[in-house]
Amino acid sequence: MTVRDLIDPAAAATAGEDMWKLMAELYPVCRSITGAGFRATLDVLARHVDLDVHEVPSGTRAFDWTVPREWNIADAYVENAAGERVIDFRRSNLHVMSYSVPVDARMPLSELRAHLHTLPEQPDWIPYRTSYYADNWGFCLSQRQLDALPDGEYHVVVDSVLGEGSLAWGECLVPGATTDGATTDGATTDGATTDEVLVSCHACHPSLCNDNLSGVVLATFLAKALAAASPRLSYRFLFIPGTIWSIVWLSRNEATLDRIKAGLVLACVGDPGHLTYKRSRRGDAEIDRAVASVLATRGAPYDVADFSPYGYDERQFCSPGFDLPVGCLNRTPHGQFPEYHTSADDLDLVRPEHLADSYGACLEVMRVLEENATFVNQNPKCEPQLGKRGLYGAVGGRSDTVQVQLAMLWVLNLSDGGHSLLDVAERSGLPFGVLADAAQALATAGLLVER
Amino acid sequence: MTVRDLIDPAAAATAGEDMWKLMAELYPVCRSITGAGFRATLDVLARHVDLDVHEVPSGTRAFDWTVPREWNIADAYVENAAGERVIDFRRSNLHVMSYSVPVDARMPLSELRAHLHTLPEQPDWIPYRTSYYADNWGFCLSQRQLDALPDGEYHVVVDSVLGEGSLAWGECLVPGATTDGATTDGATTDGATTDEVLVSCHACHPSLCNDNLSGVVLATFLAKALAAASPRLSYRFLFIPGTIWSIVWLSRNEATLDRIKAGLVLACVGDPGHLTYKRSRRGDAEIDRAVASVLATRGAPYDVADFSPYGYDERQFCSPGFDLPVGCLNRTPHGQFPEYHTSADDLDLVRPEHLADSYGACLEVMRVLEENATFVNQNPKCEPQLGKRGLYGAVGGRSDTVQVQLAMLWVLNLSDGGHSLLDVAERSGLPFGVLADAAQALATAGLLVER
Amino acid sequence: MTVRDLIDPAAAATAGEDMWKLMAELYPVCRSITGAGFRATLDVLARHVDLDVHEVPSGTRAFDWTVPREWNIADAYVENAAGERVIDFRRSNLHVMSYSVPVDARMPLSELRAHLHTLPEQPDWIPYRTSYYADNWGFCLSQRQLDALPDGEYHVVVDSVLGEGSLAWGECLVPGATTDGATTDGATTDGATTDEVLVSCHACHPSLCNDNLSGVVLATFLAKALAAASPRLSYRFLFIPGTIWSIVWLSRNEATLDRIKAGLVLACVGDPGHLTYKRSRRGDAEIDRAVASVLATRGAPYDVADFSPYGYDERQFCSPGFDLPVGCLNRTPHGQFPEYHTSADDLDLVRPEHLADSYGACLEVMRVLEENATFVNQNPKCEPQLGKRGLYGAVGGRSDTVQVQLAMLWVLNLSDGGHSLLDVAERSGLPFGVLADAAQALATAGLLVER
């Protein structure tokens, strides 16, 4: 089985359901950029894919950054005078600001307010707030909850630990046919390099689905599917805490980055919006062209945006010292859907069919990376007579017959040794898959030879 | 007289009328890719232009193709039990499928139906069908004719001959001023090459006007007009059966193809739609830029489309082994008008005024090819004082005075040795003809010298 | 104080009022391309800026041109039989055609009509007419005035002098920090060259405001402001009669033109229309990109048009022998507002707020020219941690905090040594000023070094 064989609507639909179920399993876990929740998440993923888990201690330097302390939390609440929990971490892990320092204090509501975060414009939603780099504590709650709190004395407890520890990330390598002893450390046993596709997702948010569990489960199921195929390229999946851990990863794999021929950061890939691709800093890398070609021929609305140095971990992969060919695939991008970073980014927002659609698109992109090649027409003077070779007949039973015939003519016409199949796709506007099928048929007939 | 002198609306209108009359004369002839009808057509054309007729025997190889058998037909009909011809080749040569094999048989309507072709969605029109490469026979008729046929026994006769023979094509060379002994065989007596413009039309359809008699008569009248002028370039007109004969022609003229500096395939040039140009495979060849510039400044709607490897004989001229700078000029392209390949593509669809418009546009394009040159401003520092040379006055009486003055300023400004007149036309948006006139006036005044 | 410090809305508003007042003072003067009116205008400007006035005698050759005779006028009128002035130069200097030769004659209205110019479609406006290069005389008047003239004998007087003299222009150099002994003659005392910005305006029209007093007062106040700052570049302001005097200036400064790194022709900069920039002939010179970037980020409608060899003195600066990077800034371009070259182009059409807006835009453009530089990110692998350096905090109090943070990320990301700040502005779509501020903050923090 090859990557092209993975492209199947029914299989994608099934994967969509399974991804949603995995997301539902991961949803209650209280994740942050460090700590037990993140490790628990990796444990669940390891049941699906062959996952290497790495840890580096707090204080480790990586370029301009330092690995922070590890944060763990057991409980957090605000109790009223009657001893009732009016804000309770056990009901939603969004109620406590991530990286809140320990606190056990009594204070009037007037004092407590400075530590309470709400969204007045969405009075039923709990916001998501963090304070990774400044010692602070806080609670997040809905505006309605806050409005219902009477004045008076409250008991505030954050039962957290913020101290030396380590940070973890998960990495899964699906080795390609050309792999020669590559390890997940980014080194190969014999120094040989192999072309790799990097797929990265941040897995550091608590109970939030579109940002970021959707990316986590999509990456997991892509890895699972590829492991069952025999890809030509290697695929390296990173399940990492955002920002700093891509920096740590880059600092530890600097020597072997040149093997990355393409990459995708996955986030917000389960909402009802259409697919949106943000180009790599290079703008015209093969991954940029591959995604644009796939999106343009899937028959659904889509957007392709230029690179900007704001967003997810592509900020680091595309920093000028690396300039890796890594783009970012979303449905609705961060900050552009109202549920973003609120309790409404939940299991209702992300649906199996949208996960399935993102999954199918990614596999189509991977097929381009796998199969893009440059062919040479062996009969370059005038068209060959396709009819006498049965090439028209061979495809006559298909509903897209005309498109297949056009595809053969396009591949023959542009296969002068200077155009790859992706070039042909861009110029013809035809789907890469149809062109790749046509090229295979023509090569089988001896009319085309790979350069 | 030069090509620019041929550009005249009144002369074009007259040519339009004459082209339509020639088309009416050619309309009844039953043409196919081989046979007597094709030769009869060439005989008519030879009364208008200096035509070389070539023949190659069936079985001749040309690249991947083989010249097929020759097809001739005397009569064809379907007779009912009463001996009445219910389908009759003598009424329309579209009634018989082209290349039908001989048949003389009696069969019930139920059996005959498999050989009958109609257009249910256009119940009054007879479709045009061929079967060049598979032994078969058939009749084409209107849906209403078919609906009127009662069940019963029919007598089917196709009195055709399909056998060894030869194929013919016509070629007309209008030699240019720079021609040095060129022959229509594509060889020159002394080995010198000369710049040529190739104009090709397919002449292999029976009673169909827009596709393809309009192209045939337009090519004929362009050749006739050019022969009366003194063009700088040579113009080679091909009247050929589609696809295979461009392949044969290319195979026999391979050694001298480098003399083709521009080319146009003409088809569907007489309908009421606006002009449409399909670029050559190169996309930015001089012919592509010349046609685009002419169409953009004629004051009428138009389309310019990118090359695609589907259409007319540009498919062969633009195959990767040749990649000739040959585009295709249509009004409404093939398949995009409902009358295409039906009996409704007749003398009513094609009108003299549309033929005249296509004719005028072609001559404007040829003027660009003739006169495009690069000049050098002899007074490049600041503008020259045009007034003291009477250059404003010289053109003061014209209604397009302002445009002429602008044209002089544009030509002077861009004539730094790096811009051709076509470059100036593209950047200024002014008509090439106005710029060429301005350049001539400036050169006469000594302000411009051809590089 | 540097150029960036000049950018201040309140200061621009004040300058707008002051420019309008200066324009009102200059409005009544009867200017032409030579003569006392032009010199009187320079005298007024010399009260505001350090102006060098140059004169060259009639008959001087400059490339293809010759300096014409000097024209001066004392009075002009048409008197009716009753001795009443029915057309009177003293009421509007537009009433006499510029460069009218002396005349003192009596003639019937029928004969006089050949010398009378009106605008029938704007019956209350007086047109502006000239006859620099053909001996002629004429009067301009409103259509209503003409309609009211009874038949009969009229006394026509033009009390003008057209003879040998000289032509004048004014030039103001604001020396830049890199200037090394430059003089306004375009020579430097020691042969060193320095980068210069050329700002040119024509000052040769009589009582017309938008074309051209608006350009004159804008150039004057830009020069005044820059003289009070300490610009890095030198700024050379030309107050010249149109066309011929730019030719004379170019002929006298040919040896030092390579010091001109950017230039702007200013005209029609006071009307209510939005800003319009016409690119230099090069099309992608720094000035072209700087103006486009500034206009695109000012939050107001604008147009950017390609170069054409018609318009103001950019025609000469951009002639192919020089091809200087000089564009043209207007609000509504010449000929595109109905008041153009009529008595309605007056003090009501040009308003202080529009002059102020043009002034502000020019200073923003000059800031780009001053500060555009290429930086090198000293921490190119992943983002630096801006938070720990207080760089976010440093700008936290500003209302455009998010834009400033984005600006820092863009500057860091593209500062690989191959992108200037203007490149960053174009790619990010952010205002140059915000990026330059960000670059300065990053450089101060040691994260960026100028290449």
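It should be noted that the structure appears before, not after, this text.
Here is a short report on the structure shown in this document. Residue indices follow the written sequence of each chain, beginning from 1 at its first position. Here chains are named by letter from A upward and ligands by number from 1 upward, in the order in which they appear as written. With pLDDT at 70 or above as the cut-off, local features in this predicted model cover only qualifying residues; side-chain atom pairs require 80 or more to be listed or tallied, and sums for whole chains, interfaces and linings still use all residues. The side-chain figures draw on all heavy atoms in the structure; neither hydrogens nor water molecules are used.

1. Looking at the relation of the copies chain C and chain A
For the pair chain C and chain A, the relating rotation is 120°, the translation along its axis is 0.1 Å, and the fit reaches an RMSD of 0.1 Å. Taken together, the rotation and translation describe the operation of a three-fold axis. Considering only C-alpha atoms, the part of chain C nearest the rotation axis is Asp284(C), at 13 Å. When the copies are superposed, the least-squares fit takes in the C-alpha atoms of residues with a pLDDT of at least 70 in both.

2. With respect to the packing of helix H13 (residues 421-428) of chain A against helix H14 (residues 432-444) of chain A
Residues and elements named next belong to chain A. Helix axes are fitted to C-alpha atoms over the stretch in contact, other axes to C-alpha atoms as well, and angles between N-to-C directions run from 0 to 180 degrees. Only runs of H or I of at least four residues qualify as helices and only runs of E of at least two qualify as strands under DSSP, and these elements are numbered from the N terminus. Interaxial distance between H13 and H14 falls to 9 Å at its minimum, and their mutual angle equals 125°. Classified by the interaxial angle, the pair formed by H13 and H14 is oblique. Handedness of the H13/H14 crossing: right-handed. Contact with H13, carried on its side by Leu 421, Leu 422, Val 424, Ala 425 and Ser 428, involves Phe 432, Leu 435, Ala 436 and Ala 439 of H14 and no other residues of that element. Its residues assigned to classes, the contact of H13 with H14 shows eight nonpolar, one polar and no charged. An angle counts as roughly parallel when it lies under 35 degrees, as roughly antiparallel when it exceeds 145, as roughly perpendicular when it falls between 65 and 115, and as oblique in every other case. Left-handed describes a crossing whose near helix is turned anticlockwise from the far helix through less than a right angle; right-handed describes the clockwise counterpart. We call two residues in contact when some of their heavy atoms are within 4.5 Å. Amino acid classes used here: Ala, Val, Leu, Ile, Met, Phe, Trp, Tyr, Cys and Pro are nonpolar; Asp, Glu, Lys and Arg are charged; the rest, including Gly, are polar.

3. Thoughts on the sheet that holds strand S13 (residues 260-266) of chain B
All names here are of chain B. What makes two strands pair is DSSP finding at least two bridges between them. Read from one edge of the open sheet, eight strands run S1-S10-S12-S11-S13-S16-S14-S15, paired in mixed fashion. If you trace the sheet from one side to the other, it starts and ends with strand S1 (52-57) and strand S15 (302-305), each paired once. Averaged over all pairs of adjacent strands, the angle between their axes in this sheet comes to 20°, without regard to strand direction. As judged from the three bridges shared by strand S14 (residues 275-278) and strand S16 (residues 326-330), these two strands associate in the antiparallel manner. Residue pairing for S16: Thr 276 is matched across the bridge by Asn 330. Together, S1, strand S10 (166-174) and strand S12 (234-240) form the strand contacts of helix H3 (residues 36-45), whose direction differs from that of S10 by roughly 20°.

4. A short note on the interface of chain C and chain A
Taken together, the contacts link 19 residues of chain C with 21 residues of chain A. Throughout, buried area stands for the accessible area (probe radius 1.4 Å) lost by two parts on being put together, summed over both. A combined buried area of about 1,800 Å² lies between chain C and chain A, and 50% of that area is made up of carbon and sulfur atoms. Counted as salt bridges are all cases of a side-chain nitrogen of Lys or Arg within 4 Å of a carboxyl oxygen of Asp or Glu. Here chain C is connected to chain A by five salt bridges. Close ionic contact of Asp416(C) with Arg281(A) constitutes a salt bridge, the shortest N to O distance being 2.9 Å. Residues adjacent in sequence count toward polar contacts only when both atoms are side-chain atoms; beyond that, a polar contact is any pair of N or O atoms within 3.5 Å, and within protein one must be able to donate a hydrogen and the other to accept it. At the boundary of chain C and chain A, one finds 14 residue pairs in polar contact (both at pLDDT 80 or more). Mapped onto the side of chain C that touches chain A, the elements with two or more residues apiece are helix H12 (401-414) and strand S18 (416-420) of chain C. Element by element, the count of residues in the side of chain C that touches chain A is highest for H12(C), at six residues. Broken down by class, the residue content of the side of chain C that touches chain A amounts to eight nonpolar, five polar and six charged.

5. Topic: the sheet that holds strand S14 (residues 275-278) of chain A
Residues and elements named next belong to chain A. Strand order in the open sheet made by the eight strands is S1-S10-S12-S11-S13-S16-S14-S15, with mixed pairing throughout. Both edges of this open sheet fall to strand S1 (52-57) and strand S15 (302-305), since each of them pairs with a single strand only. Between one strand and the next, the sheet's axes are offset by a mean angle of 20°, whatever the strand orientation. Bridging between strand S11 (residues 196-202) and strand S12 (residues 234-240) involves seven bridges; their strand directions are parallel. Of the residues in S12, the one forming a bridge with Glu 196 is Ser 234. On top of the sheet, helix H7 (residues 244-252) reaches S1, strand S10 (166-174), S11, S12 and strand S13 (260-266); it is set at about 65° to S10, its chief contact.

6. Some details on the state of the cysteines
Linking two cysteines covalently through their sulfur atoms gives a disulfide. Residues and elements named next belong to chain A. Counting rule for disulfides: a pair of cysteine sulfur atoms within 2.5 Å. Per the stated rule, a full pass over the model turns up zero disulfides over all chains. The thiol of Cys 30 is unpaired, and the distance to the nearest cysteine sulfur, on Cys 140, comes to 11 Å. Left unpaired, Cys 209 is separated from the closest cysteine sulfur, that of Cys 268, by 11 Å.

7. Regarding the interface of chain B and chain C
Listed as interface residues are 19 residues of chain B and, on the opposing side, 21 residues of chain C. Taken together, chain B and chain C are joined by five salt bridges. Among the salt bridges present, the one from Arg315(C) reaches Glu383(B), with a minimum N-O distance of 2.6 Å. Where chain B meets chain C, there are 14 residue pairs in polar contact (both at pLDDT 80 or more). When contributions to the side of chain B that touches chain C are tallied by element, the ones reaching two or more residues are helix H12 (401-414) and strand S18 (416-420) of chain B. Looking at which element gives the most residues to the side of chain B that touches chain C, the answer is H12(B), with six residues.

8. So, the pattern of salt bridges
All names here are of chain A. The final tally for this structure, using the stated rule, is 87 salt bridges over all chains. Of the charged contacts in the structure, one is a salt bridge between Arg 47 and Glu 25, with a shortest N-O distance of 2.8 Å. Taken as a pair, Arg 47 in the loop between helix H3 (36-45) and S1 and Glu 25 in helix H2 (residues 9-26) lie far apart in primary sequence, 22 residues in all. Each residue is placed in one exposure class: buried if its accessible area under a 1.4 Å probe, protein chains only, is under 20% of its type's maximum, exposed if it is over 50%, and partly exposed if it falls in between. The exposure class assigned to Arg 47 is exposed, which follows from its relative accessible area of 56%. Residue Asp 124 is joined to Arg 144 by a salt bridge in which the shortest nitrogen-to-oxygen separation is 2.6 Å. Here the residue Asp 124 occupies a position in the loop between strand S7 (116-117) and strand S8 (139-140), and Arg 144 occupies one in helix H5 (residues 143-147), the gap between them amounting to 20 residues. Here Asp 124 falls in the partly exposed class, since its relative accessible area comes to 48%.

9. Some words on the pairing of strand S16 (residues 326-330) of chain C
Residues and elements named next belong to chain C. Counting buried positions along S16 gives five out of five residues, so the element sits mostly inside the fold. The sheet contact formed by strand S13 (residues 260-266) and S16 spans four bridges and is parallel. Bridging across to S16, Gly 263 finds its partner in Val 326.

10. Remarks on the packing of aromatic side chains
Here a Phe, Tyr or Trp ring, Trp counted by its six-membered ring, pairs with any other such ring whose centre lies within 6.5 Å, and the pair is stacked when the planes are under 30 degrees apart, edge-to-face when over 60, and tilted otherwise. One pass over the structure, following the stated rule, counts 21 aromatic pairs over all chains. With a centroid separation of 6.3 Å and 75° between ring planes, the pair formed by Trp137(B) and Phe139(B) is classed as edge-to-face. Just as Trp137(B) is buried, Phe139(B) falls in that class too. Between Phe337(C) and Tyr340(C) the ring centres are 5.7 Å apart and the planes differ by 80°, which places this aromatic pair in the edge-to-face class. For Tyr340(C), a relative accessible area of 23% puts it in the partly exposed group. In this structure an aromatic cluster arises from ring pairing among Trp71(A), Tyr99(A) and Tyr132(A).

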